[in-house]
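A closer look at the structure
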Amino acid sequence: MSAPPKTRGEPITDRRQLVAYMESGSKPAQDWRIGTEHEKFAYRVSDNRPLPYDGPDGIGELLKRLQRFDWDAVEENGNIIALTQGMANITLEPGGQVELSGAPLETLHQTCAEVHRHLRQVKEVGGELGIAMMGLGFQPKWRRDEIPWMPKGRYKIMGDYMPKRGSLGLDMMTRTCTVQVNLDFASEADMVKKFRVSLALQPIATALFANSPFTEGKPNGFQSFRSHIWTDTDPDRTGDLPFVFEDGFGFERYVDYLLDVPMYFVYRDGAYIDASGLSFRNFMDGKLPVLPGETPLITDWADHMTTSFPEVRLKKYLEMRGADGGPWRRLCALPALWVGLLYDTQALDAAWDLVKDWTTEERAHLRANVPRHALRTTFRDRTVREVALEVLAIARDGLVRRARNDNWGDDESHFLDTLVSIAESGETPADELLAKFNGPWGGSVDLVFKEYAY
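Overview of the structure. The model shown is predicted, which means the values in this text are computed figures rather than measured ones.

Overview of the environment of Met-305
If you trace the backbone, Met-305 turns up in helix H10 (residues 298-305). Residues Met-305 and Asp-160, spaced 145 residues apart in sequence, show a C-alpha to C-alpha distance of 20 Å. Not counting residues within four places of it along the chain, the set of residues in contact with Met-305 comprises Tyr-21, Met-22, Leu-258, Arg-313, Leu-314 and Lys-315.

Remarks on empty space enclosed by the protein
Under the criterion given, the structure shown has three cavities of 30 Å³ or more. Considering only enclosed or pocket space, the largest cavity measures out at about 80 Å³ in volume. Lining the largest cavity we find 15 residues, and of these Phe-41, Ala-42, Pro-50, Gly-95 and Gln-139 sit closest to its centre. In terms of residue count, the dominant contributor to the lining of the largest cavity is strand E1 (residues 34-44) (three residues). Taken together, the residues of the lining of the largest cavity break down into nine nonpolar, five polar and one charged. The space that makes up the second largest cavity amounts to roughly 70 Å³. Taken together, Leu-199, Ala-200, Gln-202, Pro-203, Asp-240, Phe-245, Glu-311, Arg-363 and Arg-367 make up the full set of residues lining the second largest cavity.

Details of the pattern of salt bridges
Per the counting criterion, the structure on display carries 40 salt bridges. Note that Glu-319 is salt-bridged to Arg-321, the shortest N-O span being 4.0 Å. For Glu-319, a relative accessible area of 1% puts it in the buried group. The closest approach of N and O atoms between Glu-390 and Arg-382, which form a salt bridge, is 3.0 Å. By relative accessible area, which is 33% here, Glu-390 ends up partly exposed. A residue is classified by how much of its surface remains accessible, and Arg-382, at 25% relative accessible area, is partly exposed.

Section: the packing of aromatic side chains
Aromatic ring pairs are described here by two measures, namely the spacing of the ring centres and the angle between the planes. In total, this model carries 19 aromatic pairs according to the counting rule given. Measuring from centroid to centroid gives 5.3 Å for Phe-243 and Tyr-257, while their planes differ by 40 degrees, and the two rings are tilted. In this pair, Phe-243 is assigned in the loop between strand E10 (238-239) and helix H8 (251-260) and Tyr-257 in helix H8, connecting sequence segments 14 residues apart. Members of the aromatic cluster, each reached through a chain of ring pairs, are Phe-195, Phe-243, Phe-249, Tyr-254 and Tyr-257. Geometry around Trp-32 places Lys-194 over its ring, the cationic atom sitting 3.5 Å from the centre.

Re the side chain of Thr-306
Following the sequence through the fold, Thr-306 ends up in the loop between H10 and strand E13 (309-310). A distance of 3.2 Å separates the side chain of Thr-306 from the side chain of Arg-154, its partner in a polar contact. With residues up to four places along the chain from it excluded, the contact list for Thr-306 reads Arg-154, Arg-313 and Lys-315.

A look at the state of the cysteines
Applying the stated rule across the entire model yields one disulfide. Note that Cys-112 is cross-linked by a disulfide to Cys-332, the S-S spacing being 1.9 Å. What sets the handedness of the Cys-112 and Cys-332 disulfide is the S-S torsion sign, and at about 85 degrees it is right-handed. You can see Cys-112 sitting in helix H3 (residues 108-129) and its partner Cys-332 sitting in helix H11 (residues 328-342), a full 220 residues away along the chain. Taken as a pair, Cys-112 and Cys-332 share a single burial class, namely buried. Left unpaired, Cys-177 is separated from the closest cysteine sulfur, that of Cys-332, by 17 Å.

A short note on helix H16 (residues 429-438)
When H16 is considered as a whole, its buried residues turn out to be Pro-429, Ala-430, Asp-431, Leu-433, Leu-434 and Phe-437. Against helix H6 (188-208), strand E8 (214-215), strand E9 (218-219), H11, helix H15 (417-425) and helix H17 (448-451) lie the buried residues of H16.

Side note on the nonpolar core
The biggest cluster of nonpolar side chains holds 116 residues, and the ones touching the most others in it are Phe-195, Leu-201 and Trp-338. The contacts of Phe-195, once residues within four sequence positions are left out, are Leu-241, Val-244, Phe-249, Tyr-254, Val-312, Leu-314 and Leu-318. Ranked by size, the runner-up nonpolar core spans 18 residues in total, among them Ile-229, Trp-230, Phe-265 and Phe-309.

Rules used throughout
Residues numbered from 1 in each chain as written. Predicted model: local features only at pLDDT ≥ 70, side-chain atom pairs only at ≥ 80, totals over all residues. Heavy atoms only, no water. Helix = DSSP H or I, 4+ residues; strand = E, 2+ residues; numbered from the N terminus. Contact = heavy atoms within 4.5 Å. 1 Å grid on protein atoms, 1.4 Å probe; cavity = no way out; pocket = protein on both sides within 12 Å on 5 of 7 lines; lining within 4 Å. Points joined across faces, edges and corners; volume = space filled by probe spheres on them. Nonpolar A, V, L, I, M, F, W, Y, C, P; charged D, E, K, R; others polar. Salt bridge = Lys/Arg side-chain N within 4 Å of Asp/Glu carboxyl O. Buried < 20%, exposed > 50% of the residue type's maximum accessible area, 1.4 Å probe, protein only. Phe/Tyr/Trp six-rings, centres within 6.5 Å; stacked < 30°, edge-to-face > 60°. Lys NZ or Arg CZ within 6 Å of the ring centre and 35° of its normal. Polar contact = N/O pair within 3.5 Å; in protein donor to acceptor, adjacent residues only side chain to side chain. Disulfide = S-S within 2.5 Å. Core = buried A, V, L, I, M, F, W, Y, C linked by side-chain atoms within 4.5 Å.

This is the structure in structure tokens:
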């Protein structure tokens, strides 16, 4: 949900341009990078309430003061709605969740340093304003109607459309936080293999990062309620995409999928035009009712690509979307997991060997059950915990080889330690929160805002 492109780009005259746009993301291994994104809840320390945009301790003031760290403001209708610094961005989710979309970096050491630098900056400014931030998968206390909406035009359009397609879409927009990593591919064949491996294993990441067991102050019966929310948000644009595993899958098939995803909006002259539910195919034919006679620009396609929300999303890179937000150590661990699995040839082969005979029904079983049971989910003759331990071993070997082959000296495998501890113990972050709720917190979630603040 990043800010719109500032340049309009070339007109789209045929479907092949859309395929070529995705293909242009292919690059040699030496140019692969790591882009980490993480969202966090911002709240007033005095009462733990989420922040409005306006006011002396609002999100707008937070963004204004963050400019001291050499961030440039992006405005919409006179409001600062994002900050940019090189290839990194700070953006706002609909309910005021603050997101860092990190720059594409070469190593996990650089990625973790970027995360730490950002958290230091928001903590410094937050301290001045009486604001704190924390990483959880779902807002633990406040109702949806208690969450202020941010003044971004696309969110108004999405918010009006979401309830037409599912019962939890507005909760997704206003009450969830995630950590993601964006990774590169060398070719169409490399993209396909990475897409299939990461889609199959996304529930394993969901289990390891499960961190959203509370809704409105009480246990909700889930380990990752954030992950469950996506199962009732909008079936046209979510899910685990079984067609990715079909013979012949490639860029063209994914373009066809996106063309079938209903539109949300078109961005023109600094404003969002409501195109919700309309067809991008009609747009390409000059038959979009809200812009009669106009055909799309490549920037319209880039915007449209951001409005599908599968568990793994393909753009000019692959986005891993299955993890709940969490404390800073897990913000570094998420990219470590996927870099270890996907950026080393032997590890990718081993991960593919693990998942290649999983059936559509078995993948659906994991997607349906992991949000509630996480590592305790049964799978074939074992549990997801056991699968996770095997996956982590593959990822660790991949990180060790990656460092050795690229002569970095200190390898990156220690970033996985927090996940290995979770898998070995069988206790998820959600289990930790529930134990505190039922023990020292005395049945209240209020202390989560203090103990889990960054």
